[in-house]
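# Coordinate analysis (summary)
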Amino acid sequence: MADRTAPRCQLRLEWVYGYRGHQCRNNLYYTAGKEVVYFVAGVGVVYNTREHSQKFFLGHNDDIISLAVHPDKTLVATGQVGKDPYICIWDSYRVQTVSVLKDAHTHGVACLAFDSDGQRLASVGLDAKNTVCIWDWKRGKLLATATGHSDRIFDISWDQYQPNRIVSCGVKHIKFWTLCGNALTAKRGIFGKTGDLQTILCLACAKEDITYSGALNGDIYVWKGLNLVRTIQGAHSAGIFSMYACEEGFATGGRDGCIRLWDTDFKPITKIDLRETEQGYKGLSIRSVCWKADRLLAGTQDSEIFEVLVRERDKPMLIMQGHCEGELWALAVHPKKPLAVTGSDDRSVRLWSLADHALIARCNMEEAVRSVSFSPDGSQLALGMKDGSFIVLRVRDMTEVVHIKDRKEVIHEMKFSPDGSYLAVGSNDGPVDIYAVAQRYKKIGECNKSSSFITHIDWSVDSKFLQTNDGAGERLFYKMPSGKHLTSKDEIKGIHWASWTCVIGSEVNGIWPKYTNITDVNSVDGNYNSSVLVTGDDFGLVKLFRFPCLKKGAKFRKYVGHSAHVTNVRWSHDFQWVLSTGGADHSVFQWRFIPEGVTNGVLETSPQEGGVDSYSEESDSDLSDVPELDSDIEQEAQINYDRQVYKEDLPQLKQQSKEKNHSVPFLKRERAPEDSLKLQFIHGYRGYDCRNNLFYTQTGEVVYHIAAVAVVYNRQQHTQRLYLGHDDDILSLSIHPVKDYVATGQVGRDAAIHVWDTQTLKCLSLLKGQHQRGVCALDFSADGKCLASVGLDDNHAIVFWDWKKGEKLATTRGHKDKIFVVKCNPHHIDKLVTVGMKHIKFWQQTGGGFTSKRGTFGTTGKLETMMSVSYGRIDDLVFSGAATGDIYIWKDTLLLKTVKAHDGPVFAMHALDKGFVTGGKDGIVALWDDMFERCLKTYAIKRAALSASSKGLLLEDNPSIRAISLGHGHILVGTKNGEILEIDKSGPMTLLVQGHMEGEVWGLAAHPLLPVCATVSDDKTLRIWELSSQHRMLAVRKLKKGGRCCAFSPDGKALAVGLNDGSFLVVNADTVEDMVSFHHRKEMISDIKFSRESGKYLAVASHDNFVDIYNVLTSKRVGICKGASSYITHIDWDSRDRED
C-alpha cells in the first residue's frame, strides 16, 4: 500500500527577497538591537545587516499592510488584510507572539501607532467608516472605537506630550482626537487661508500642541491646536509619504526620491536625493523613512531598502531588493550553480545568489516576463513573454541571442531538453513549439493536440519525449522533436522523466485536496533523490509530499508565509533549497531543505515558532490511514451533533406554520388539564461520548448530566435535584474549584454554556455567541474566575471567558480534528493544554488570542490520539493519557517518557494532592504516585465487588471508564454503559445511578400490578426498573439486536419484546429468561400488545405493514392483518379483545 503519511523531511524559511513598498508607508524601522524590521507578503522580517541574517514572524494568515514599533523598540505591532483581519504584537528579538487583537476590524488594518509609554495601541481599519480603535493591547481589550472618516486614513499618531490626544490624517482631512474614558471624539483641522485643503499623507506630533504633516503637493503643513498656522513650501517636489520623529528631529521622504532631515523646530538640516546616487534611477519614490543617530533607512515603492550613513550621504547602500509591483510567475534555477533567476510583470529579469542571499544581476525588458528556463549547461537563458514572443539571452553578459514571436498569447512555460538540443515553448494559444538550439532556434516541430492553454511541460531523460499539462486538465505525450502525438500506453509507461513539474498524472494524484479546481495547484517540483515533492498553491501554502504521491488525500507538511497564491516552486540544483515565488506579493522565498533524520526534534522546538502553527507540520489530517484507532474512539470521532432543526429554530418554524395554516378555521381548543407533571428522577448518565463530567459538590452531592438535564444527586437519600435550563443535549460539564458552581455546555446552532449554582439551581451566567454545533469540553481556571470552552465547529474553536461578566477574553482556532479535553494550567492563569485526535497542544494566551505549540514527541513516543490530560503538582509537567493505554509525561512541550498504564485508551485521569488516579477502557481504576513510577492500587469494576446497597446491577464486568473524580473518602466513576459507581478506598463499590447507553430508547411498558416498568433500547438491552423510592434497576439482559417496543401480559408474568430485525421474544418477567421467540418479519417490530383480559393473544405490528396475531398458549401464529399502505406505528385491543 502506498505510504500516505506526511514526509519526515522539512523546510525552514531561510531568506525572503523583497520589501513591501507599494500601497504601504511607514513600515521600516530600526529595533533596539540595531536590526531592521519590515514586512513582505504575510511575513514580518527582522534583518540583521551586520550578520546578513533574517528572522521571521509567521503569525499572520494574509498580507501584512501596517507596522508600528513600540517605544521600547523591541516589540512590533503588525496588521493584516482579510475578512477578519487581526493585529499581532510580537517580540522582534525572539519573533514570538505576545498578543493578538481581533474582532474589531473588517477588510484590513491600515495604520497602527503605540502611545508614548507603549501601553495602548491605536489602529485604523480599511472598512467603509475607516474605524479607529484604541486597545489595551496586553489584555487584548478594546478600550474605545469610533468612526474614523468617510475617506481613507493614511496615518495616525499619538501626541507624545498629551497622553489622550491622537491625530489622524488622510484624503482631504486631518483630525485631532481626544480620548476620554471610552469615548473617542474628533475635531477636524481648519485649513483656513494659510494653505489649500488637500490630502495629508503623514504626520508627527511635537510639543506645545504643534503637529507637522506632509501633504500631497510636497509642502509641510504646520498645525497649532486645530489650526493650520504655516506651511513649509517645496519641502519636497511631490507627495511626502513618510515622516519620522526622533530625538534628533524629523526625517521626511517623498515621491521625489529625496530624504530630508529637519531639526526639532523643523529647520532644514540636509537633503539626500537618492535618484542622483549610483543605484538611483528615474522615478524612485520613497515610502518609508527612519532615522537613528547617524543612520537612515529608506524603503522605496519598488521594493528596495536603502541604508544611508549621514557622513557618507552620497553613498547609500542598497541592503534589500525585490521585484516591483506586478505578478511574479517566472522562476528557474541554474543547472550547476546556487543561482536562481526570476522574471515578473515589472518587466525585469533578476539573477539571485542563493549562497549569498543577494541580487547579482538585473536586466530590464520591453515586456512582462512570464516564464524562464536555463539551458542545461547554464550558458543561455530563455524568457517567455506576455506578448507571445520569447527571447534567449547569453547569461554571461545578458545580451540577446534571438527574439522570436510565433504566438499571440502569453508564453507560460518553456524548457530546454536535457541534451541541450531543443527548446520547447508552451503558449496560451495551446500548442507547444519545438525549436532547434543549434540552428539559431529554427522551429522544427509543433505539439498541437491540447484544447486549452499549456500550463506545464517536462522532457524525458533521453530528450525523445515531452509531456504537457493544459488548462483543461489533460496530460498529453509527444515524440520529439517532430511533435507527433503519442498514445501507446506501453511506450508511455517506459519513459523516464528528467524533471517532474507537472500537476496532473497518477504520480501526483495525492497533491489535490478535496473540492479543488484543476487550477488550484500552480506548481510542483519533484526531488527524485529524497523522494519528496514540493507544491505551491492558490491558498498561499508551500507543501511537502512524499513522491510519487499516488493516493488521493495524501498527508503533507505545510508552510505559510506567502499570503496570496504561490505561483512557482523549484528545487535548487543540489536540492539544498526550495525557492517559491508569490504572485501578488511578488516576493521570492528561499527555504532550507532539512532531510529526514537530520532534525532529531531540534527544529520543531526552534524558537522561531512565530505564531500559531507557523512551521505547521500538520496536514488536512494528521491521521495516516493505518487503522490504529481504538474502536470506541473511532465511533466517537464520527458522532455528528448537527441537528436538522435546532431548538433555537422552533419559535420561527411555529410562526411559519401558523401563517401557512391561518386560513383553516380553528376548532376551539379544550382547556388544558388542571393536573401537571413534575420530573422526579432520571435513570441514566451520559458516558458514551463524554468524559470528565462527574463530580462531587461542596456538600458531597454528585453532579453529572444526561439528555438536556444536569443532575445533582443526593447519595444518602437517593434523590435528585435537576437543573433544567438547557434546551438541548448537554455534552460537557466542569466544576468550579470551590465545588459550588458548575458549568455545562450543550448542543445548538449557537451553543450555550450555563454557569449555575448547585445549591439553588439558579443560572449565574449564560455564555452564548461563540460556539457552533455544540460545546464539547469545559474547564474552570485555578482561581475560578475564568472558563475555557471548546466548540464542535470545524476548527474546534477555543474560547476563554470571564464567565461572571459574560465576556470573551480570548479565542483561537483549536485543531481541525476533534478536541476531547481542555485543561487550565493551575500554576499560570494564561496557559492551557488541549488533547484530541492525534495531537496535544500547549496554549499561551496572547491578548485576545492564543498561540500554540504542539507537543514534540521526538523519539520517545509515537504521535498518538490523547483522551485525557492533567497538570502535575510540579510546574511545567503535564500528563496525558493516550489511546494506546500509555501515559505520556511532558515537560514544557517535550515528551520526557511514556508509562504503560492500561489496556486500551486511558479515558479518565484525575490529579490528587499526591499522585493521580486513572481509568481506562479496560474497566480498571488505578492509583499512582506523582510521577507514574509506581502503581499504588488498582480496582477492577466487577459485579462481584458491588455492595448490597447498590441501586442496580452492572451490565458487564470491566465497563469502559469515562470519568473519575475523588472526594469524601471515595472514588466516583462514570462508565460508558451509563453507570455511576462510588468506590470506597477499601474496595467495595456501590452503584448509584444507571441508564441505557448510546442509542434511542423507544420501548416502554408499565407492569399491570406492581410499581415496575420495563424498557428496551437500541443499545441491545432489556431492563426492568423499580419505580418506588428505590429508583433502581432490578434486572437487565442483553439482546441480540436493539429493540423498539415491549409489553407486559395482563397478569404481569410474561414480557414481550419486539426487536429491530423483525423478530420478537417473550421472556419471563421475573427472570428475564426466554420463553418463546419468533422471526417472521424483515423490518423492525414497532408495537406489541397482549389482549386485554386473559392475555391469550399477542398482536405484533411491524414496519412491513402487517400485524401478526399469535396464540400465546400454543405459540402459533393465528392471524395476519393486511391492508395498511405504510408501516404500522401503534396498535390497541378493544375491551372485548378484538383488535382496533
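These remarks concern the structure in this document. (Residues numbered from 1 in each chain as written. Predicted model: local features only at pLDDT ≥ 70, side-chain atom pairs only at ≥ 80, totals over all residues. Heavy atoms only, no water.)

### Quick notes on the overall build of the chain
If you tally the helices and strands in the chain, you get three helices and 90 strands. Within the chain, buried positions represent 60% of all 1140 residues. Contacts spanning at least 24 positions in sequence make up 48% of the contacts within the chain whose residues lie at least 6 apart. Carbon and sulfur atoms make up 50% of the accessible area of the chain, which amounts to about 46500 Å² in all. Charged side chains in the chain number 137 positive and 139 negative. The centres of these two groups are separated by 1 Å. (Helix = DSSP H or I, 4+ residues; strand = E, 2+ residues; numbered from the N terminus. Buried < 20%, exposed > 50% of the residue type's maximum accessible area, 1.4 Å probe, protein only. Contact = heavy atoms within 4.5 Å. Areas by Shrake-Rupley, 256 points an atom, 1.4 Å probe, with all protein chains shown as cover. Lys, Arg positive; Asp, Glu negative; His and termini not counted. Charge placed at Lys NZ, Arg CZ, Asp CG, Glu CD.)

### With respect to the sheet that holds strand S89 (residues 1107–1111)
What the four strands build is an open sheet, ordered S87-S88-S89-S90; its pairing is antiparallel. Two strands bound the open sheet, and with one partner strand each, they are strand S87 (1085–1090) and strand S90 (1116–1121). Along the sheet, successive strands turn relative to each other by an average axial angle of 20°, direction set aside. In the sheet, strand S88 (residues 1097–1102) pairs with S89 via five bridges, with the strands oriented antiparallel. Counterpart to Ala-1099 in the pairing with S89 is Ile-1109. (Pairing = 2+ DSSP bridges. Axes fitted to C-alpha atoms, helices over the stretch in contact; angles between N-to-C directions.)

### Examining the nonpolar core
Ranked by size, the top nonpolar core spans 77 residues in total, and within it Tyr-38, Ile-259 and Leu-274 carry the most contacts. The residues contacting Leu-274, other than those within four sequence positions of it, are Gly-257, Ile-259, Gly-280, Leu-284, Ile-286, Ala-298, Phe-306, Val-308 and Pro-316. One finds Ile-511, Val-521, Ala-554 and Phe-556 within the second-largest nonpolar core, a separate group that totals 21 residues. (Core = buried A, V, L, I, M, F, W, Y, C linked by side-chain atoms within 4.5 Å.)

### Things to note about the environment of Cys-935
Here Cys-935 is to be found in strand S74 (residues 935–940). The partly exposed category is assigned to Cys-935, whose relative accessible area is 37%. Remark: the alpha-carbon pair of Cys-935 and Ala-901, spanning 34 residues in sequence, is separated by 8.4 Å. Beyond its immediate stretch of four places on either side in the chain, Cys-935 contacts Ala-926, Leu-927 and Trp-928.

### Brief notes about a nonpolar patch on the surface
Together, Val-645, Leu-650 and Leu-653 make up an exposed nonpolar region whose accessible area comes to about 210 Å². With respect to the helices, strands and loops of the structure, Val-645 is situated in the loop between helix H2 (631–637) and helix H3 (650–661). (Patch = residues over 30% accessible without salt bridge, like charges linked within 9 Å, V, L, I, M, F, W, Y side chains within 5 Å. Salt bridge = Lys/Arg side-chain N within 4 Å of Asp/Glu carboxyl O.)

### Looking at the sheet that holds strand S18 (residues 200–205)
The four strands are arranged S18-S19-S20-S21 in an open sheet whose pairing can be described as antiparallel. Sheet topology places S18 and strand S21 (227–232) at the edges, where each strand pairs with a single neighbour. Ignoring strand direction, the axes of neighbouring strands in this sheet form an average angle of 25°.

### What about the pairing of strand S72 (residues 916–920)?
Here S72 lies mainly inside the structure; five of its five residues are buried. On S72, burial covers both faces: Phe-916, Thr-918 and Gly-920 on one face and Val-917 and Gly-919 on the other are all buried. Bridging between strand S71 (residues 906–911) and S72 involves five bridges; their strand directions are antiparallel. Directly across from His-910, in S72, lies its bridge partner Val-917. Joining the antiparallel neighbours S71 and S72 is a turn of four residues, in which Gly-915 adopts a positive phi near 100°. The sheet contact formed by S72 and strand S73 (residues 924–928) spans four bridges and is antiparallel. Bridge assignment links Val-917 to a residue of S73, and that residue is Leu-927.

### Remarks on the packing of aromatic side chains
We describe a pair of aromatic rings using the distance from one ring centre to the other and the angle between the two ring planes. Going through the model one piece at a time under the given rule, you end up with 41 aromatic pairs. Ring geometry for Tyr-559 versus Trp-591: centroids 5.8 Å apart, planes at 55°, classification tilted. Highlighted residues: Tyr-559 in strand S49 (residues 557–559) and Trp-591 in strand S52 (residues 588–594), separated in sequence by 32 residues. Comparing Tyr-559 with Trp-591 shows no difference in burial state: the two are buried. (Phe/Tyr/Trp six-rings, centres within 6.5 Å; stacked < 30°, edge-to-face > 60°.)

### Topic: the pattern of salt bridges
Applying the stated criterion to the full structure yields 44 salt bridges. Here Asp-91 and Arg-94 are joined by a salt bridge, their closest N and O atoms 3.3 Å apart. For Asp-433, the salt bridge identified is with Arg-407, shortest N-O distance 2.9 Å. Placement of the pair is Asp-433 in strand S40 (residues 432–436) and Arg-407 in the loop between strand S37 (399–405) and strand S38 (411–416), with a sequence separation of 26 residues.

### Describing the side chain of Gln-845
Position of Gln-845 among the secondary structure elements: in strand S65 (residues 839–846). Residue classification places Gln-845 among the buried residues on the basis of a relative accessible area of 18%. A distance of 3.1 Å separates a polar side-chain atom of Gln-845 from the backbone oxygen of Gly-847. Sequence-distant contacts of Gln-845, that is, excluding residues within four places in its chain, are made with Phe-800, Leu-809, Ala-810, Asp-830 and Phe-850. (Polar contact = N/O pair within 3.5 Å; in protein donor to acceptor, adjacent residues only side chain to side chain.)

### Some thoughts on the pairing of strand S24 (residues 258–262)
S24 sits mainly inside the fold: five of its five residues count as buried. The sheet contact formed by strand S23 (residues 249–254) and S24 spans four bridges and is antiparallel. Note that in S24 the partner of Phe-250 across the bridge is Trp-262. Connecting the antiparallel pair S23 and S24 is a turn made up of three residues, with Gly-257 showing a positive phi of about 80°. Connecting the antiparallel pair S24 and strand S25 (residues 268–273) is a turn made up of five residues, with Phe-266 showing a positive phi of about 65°.

### Description of unusual backbone geometry
Cis rather than trans, the peptide bond between Met-480 and Pro-481 has omega equal to 0°. Here the residue pair Phe-547 and Pro-548 is connected by a cis peptide bond, since its omega of 0° sits within 30 degrees of zero. Along the chain, Pro-548 falls in the loop between strand S48 (542–546) and S49. Look at His-718: it is not a glycine, yet its phi comes out positive at around 55°. Looking at where His-718 falls in the secondary structure, it is placed in the loop between strand S55 (709–714) and strand S56 (719–723). For His-718, a relative accessible area of 4% translates into the label buried. In this structure, Lys-1020 is a non-glycine residue whose phi angle is positive, near 65°. Along the polypeptide, Lys-1020 turns up in the loop between strand S80 (1012–1017) and strand S81 (1021–1026).

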